[in-house]
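# A structural walkthrough
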Amino acid sequence: MFVEEHERAGARAEGLREKLFGLHREFLTALAGEATCAGNTALAETRARAVVKQAEDRLSAEGQLAQSPQPSAVLDVLVNLHMMVRSGDSAGTLSFQHQQFQEWYASFEVEALMRATFAGDADSGRRFREDVLNMPAWEEAILFACDRTSRADAIGVKVVAAAIVETMEIDALLASEMIYRSAGAVWDEIGKSIVSFVDKWHAPGMVDRAVHFMIGSGRSEFASEVWRLISDADTQVHLPALRAGRRFRPSVLGPNAEVRIAALPEEVRKHVLFSRAERYGWDRTRHQTCSR
């Protein structure tokens, strides 16, 4: 929403339409994708001009651009309208106002690859697997793409569902983050197969990578096993379980979590509450701490 408002703001929107023919997102997506591929937040201006020229050639071939402006002119417009920032050093580099802007625009390239892969394009599928899913720098762009695409339409739901299944074979923990960020309709598509996969993957009673997946996904379908681990009296079990995943997501505990936490033995309850407060914030935990 912030980016959309930024693009629509008065003189900026008029300038983007008049000087870049409303195709600014195509250029920004190409620049963001290039920077992300390089694992960087800045591009040398010489490389940025080449990226813009490639985008212009593609747009011309698609019939969207009849007369291409000079790449340097495109970059000047983006800088002058505060879409990008030009550094003052001798090397001459360009970057986005904030890294998340870069990740947001890069997510459109991810979405395009996801949709093309779903449609059966083999080259897009290879690029999606090897150049995107296999590169940590793309993670936030992938999550942005899942968030947006899964809420676009019914086809978007299927596109994201297929992308998650593909990701399970490459990086299951990334797949769990994709599940968490996607619309609930995506889980309706793949939930049964994912639960079956995790059941085979997980060693009951062990805090293994499958537990990290469960907690990362935030899905209440895994509540029974997560409860079994975090309520275990052995600190060598419940503490690693509470620390599993990049962030403990209370939704994985299912309904009535507060009641079940209150019923835990005091020492275990203390660790559960502290872990939630430390990793999820005190506001969500305050009423439980007070009742304790």
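Since the model is a prediction, treat every value here as computed from it, not as a measurement.

### Topic: the nonpolar core
Membership of the largest hydrophobic core comes to 86 residues, with the highest contact counts inside it found for L31, L78, V110, I142, F213 and V226. Examining the composition of this core, we find that eight residues originate from one element, helix α6 (residues 99-118), more than from any other. In contact with V226, other than residues within four places in its own chain, are M214, I215, F248, V252 and L253.

### A look at unusual backbone geometry
With phi around 60°, F21 is a residue other than glycine that occupies positive phi space. With respect to the secondary-structure elements, F21 resides in the loop between α2 (10-20) and α3 (24-37). Positive phi outside glycine occurs at N256, with the angle close to 60°. Its location among the elements puts N256 in the loop between α14 (235-242) and α15 (257-262).

### Side note on the environment of R115
Relative to the helices and strands, R115 resides in helix α6. Apart from the residues within four sequence positions on either side, R115 is in contact with T149, A152, D153, I155, G156 and V159.

### Brief notes about the packing of aromatic side chains
In total, this model carries seven aromatic pairs according to the counting rule given. For the ring pair W104 and F108, a centre distance of 5.6 Å and an interplane angle of 85° mean the geometry is edge-to-face. Of this pair, W104 and F108 are both found in helix α6, four residues apart, which corresponds to roughly one turn of the helix. Like F108, W104 is buried. Between W187 and F222, the ring centres sit 6.3 Å apart and the planes meet at 75°, which makes this aromatic pair edge-to-face. Taken together, the residues W187 in helix α11 (residues 184-201) and F222 in the loop between α12 (209-217) and α13 (223-230) connect sequence positions 35 residues apart.

### What to know about the state of the cysteines
Covalent bonding between the sulfur atoms of two cysteines is what defines a disulfide. The tally for this structure, following the rule as stated, stands at zero disulfides. The cysteine C146 is free of any disulfide, with C37 supplying the nearest cysteine sulfur at 17 Å.

### Quick word on the packing of α3 against helix α5 (residues 71-80)
Their axes nearest at 11 Å, the elements α3 and α5 cross at an angle of 95°. Relative to α5, α3 is oriented roughly perpendicular. Contacts between α3 and α5 involve H24, F27, L28 and L31 from the first element and V74, L75 and L78 from the second.

### A closer look at the environment of E177
With respect to the element layout, E177 can be found in helix α10 (residues 172-181). In this structure, the C-alpha to C-alpha distance between E177 and R17, residues 160 residues apart in sequence, is 36 Å. Not counting residues within four places of it along the chain, the set of residues in contact with E177 comprises E139, L143, G216, R246 and R249.

### Details of the pattern of salt bridges
Tallied over the full model, the rule gives 21 salt bridges. In this structure, E62 engages R58 in a salt bridge whose closest nitrogen and oxygen atoms are separated by 3.5 Å. By relative accessible area, E62 is classed as partly exposed at 45%. The residue E177 makes a salt bridge to R249 at a minimum N-O spacing of 3.1 Å. Residue E177 is located in helix α10, and its partner R249 is located in the loop between α14 and α15; the two are separated by 72 residues in the primary sequence. There is no split in this pair, since E177 and R249 are both buried. Within this structure, E140, D147, R151 and R181 form a network of salt bridges that share partners.

### Quick notes on the sheet that holds strand β1 (residues 42-44)
The three strands lie next to each other as β1-β3-β2, forming an open sheet whose pairing is antiparallel. A single partner strand is all that each edge strand has here, and the edge strands are β1 and β2 (84-86). In this sheet, neighbouring strand axes are inclined to one another by 25° on average, regardless of whether the strands run parallel or antiparallel. Note: β1 against strand β3 (residues 93-96), three bridges, orientation antiparallel. Pairing of L43 across the sheet is with L94, part of β3. Across the sheet, helix α4 (residues 45-61) touches β1, β2 and β3, and the angle it forms with β1 is around 90°.

### Section: the side chain of T167
Here T167 is to be found in helix α9 (residues 154-168). In this structure the side chain of T167 is engaged in a polar contact, spanning 2.7 Å, whose partner is the backbone oxygen of A163. Each residue touching T167, except ones within four places of it in the same chain, is listed here: L133, A172, L174, A175 and M178.

Scoring rules and cut-offs
- Each residue is numbered by its place in its chain's sequence as written, counting from 1.
- This being a predicted model, a pLDDT of at least 70 is required before a residue's local features are given, and a value of 80 or more before pairs of side-chain atoms are given or counted; all residues contribute to the totals for chains, interfaces and linings.
- Excluding hydrogens and water, the side-chain figures rest on all heavy atoms present in the structure.
- Grouping buried Ala, Val, Leu, Ile, Met, Phe, Trp, Tyr and Cys residues that are joined through side-chain atoms within 4.5 Å yields what is termed a nonpolar core.
- Residue exposure (1.4 Å probe, protein chains only): buried if accessible area is under 20% of the type maximum, exposed if over 50%, otherwise partly exposed.
- Working definition: helices are DSSP H or I runs of at least four residues, strands are E runs of at least two. Numbering for both runs from the N terminus.
- Between two residues, a contact is recorded if the distance between any of their heavy atoms is within 4.5 Å.
- Only rings of Phe, Tyr and Trp enter the pairing, Trp through its six-membered ring, and a pair is recorded when the two centres are within 6.5 Å. The plane angle decides the type: under 30 degrees is stacked, over 60 is edge-to-face, the rest tilted.
- Here, two cysteine sulfur atoms that lie within 2.5 Å of each other are counted as a disulfide.
- Angles run from 0 to 180 degrees between N-to-C directions of axes, and those axes are lines fitted to C-alpha atoms, restricted for helices to the stretch in contact.
- When an angle is under 35 degrees it counts as roughly parallel; over 145 it counts as roughly antiparallel; between 65 and 115 it counts as roughly perpendicular; any other value is oblique.
- Throughout this description, the term salt bridge denotes a Lys or Arg side-chain nitrogen within 4 Å of a carboxyl oxygen of Asp or Glu.
- Only when DSSP finds a minimum of two bridges between them are two strands counted as paired.
- Counting of polar contacts relies on pairs of N or O atoms within 3.5 Å, with two restrictions inside protein: one atom must be capable of donating a hydrogen and the other of accepting it, and residues adjacent in sequence are counted only when both atoms are side-chain atoms.

Scope: geometric values only; no functional claims are made or implied.
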